[in-house]
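Structure assessment
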Amino acid sequence: TIGKRTVSNSPAQPLIMLNNPFVHKQASIWADSLLESDVTNTSDLVDLAYKQAFGREPESWESAAAVKFINSEKEAGGVSSIRESLKEFCHTLFNVKEFVFLY
């Protein structure tokens, strides 16, 4: 047995990042700002989001997965607008450990 529990994250912290209306609103604002940039294609939007979130370019597999996610979300929604799928992508980036923690 251990006499003292080590410090850990509370389960409420990740749930707040997933469910909090403020976080959803921020994802929406971020998606809108990405769409207002001069960038037009999905791959370049992903690159810009990664630069803004992490200060780096995405790995090739990250970029491919993100573009696939955005396109599949767009198709599933049955809309021609990329805004909602880009908002979901931004919300996903908020929940990536690299965004939450400084290493």
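Residues numbered from 1 in each chain as written. Predicted model: local features only at pLDDT ≥ 70, side-chain atom pairs only at ≥ 80, totals over all residues. Heavy atoms only, no water.

Given a rise of 1.5 Å per residue, 16 residues ought to cover 22 Å, and the 23 Å separating the end C-alpha atoms of helix α2 (residues 21–36) matches this to within 8%. Buried within α2 we find Val-23, Ala-27, Ser-28, Trp-30, Ala-31 and Leu-34. One face of α2 carries all of its buried residues, which in axial projection span an arc of 165 degrees. Structural note: α2 exposes Pro-21, Phe-22 and Glu-36 on the side pointing more than 90 degrees away from its buried face. Between a side-chain oxygen at the N-terminus of α2 and the backbone nitrogen of Phe-22 the separation is 2.7 Å; the capping residue is Asn-20. (Helix = DSSP H or I, 4+ residues; strand = E, 2+ residues; numbered from the N terminus. Expected span 1.5 Å × (residues − 1). Buried < 20%, exposed > 50% of the residue type's maximum accessible area, 1.4 Å probe, protein only. Arc of directions from axis to C-beta. Polar contact = N/O pair within 3.5 Å; in protein donor to acceptor, adjacent residues only side chain to side chain.)

Turning next to the nonpolar core. By size, the foremost hydrophobic cluster in this structure holds 20 residues, and its most contacted members are Trp-30, Leu-34, Val-46, Leu-86, Phe-89 and Leu-93. Elements with a contribution of two residues or more to this core: α2, α3 (42–54), α4 (60–77) and α5 (83–94). When residues in this core are grouped by element, the largest group, six residues, is from α3. Among all residues touching Trp-30, those that are not within four sequence positions of it are Ala-49, Gln-52, Ala-53, Cys-90, Leu-93 and Phe-94. (Core = buried A, V, L, I, M, F, W, Y, C linked by side-chain atoms within 4.5 Å. Contact = heavy atoms within 4.5 Å.)

A pair of packed helices can be characterised by two numbers: the angle between their axes and the separation between those axes. Viewed as axis vectors pointing N to C, α3 and α5 meet at an angle of 30 degrees, and their least axial separation amounts to 11 Å. Our classification of the angle between α3 and α5 gives roughly parallel. Considering how the two elements wind past one another, α3 and α5 form a crossing that is right-handed. Where α3 approaches α5, its residues Leu-45, Val-46, Ala-49, Tyr-50 and Phe-54 are matched on the opposing element by Leu-86, Phe-89 and Leu-93. Classifying every residue of the contact of α3 with α5 gives eight nonpolar, no polar and no charged. (Axes fitted to C-alpha atoms, helices over the stretch in contact; angles between N-to-C directions. Parallel < 35°, antiparallel > 145°, perpendicular 65-115°, else oblique. Left-handed = near helix turned anticlockwise from the far one by under 90°. Nonpolar A, V, L, I, M, F, W, Y, C, P; charged D, E, K, R; others polar.)

This is a description of form; function is not addressed.
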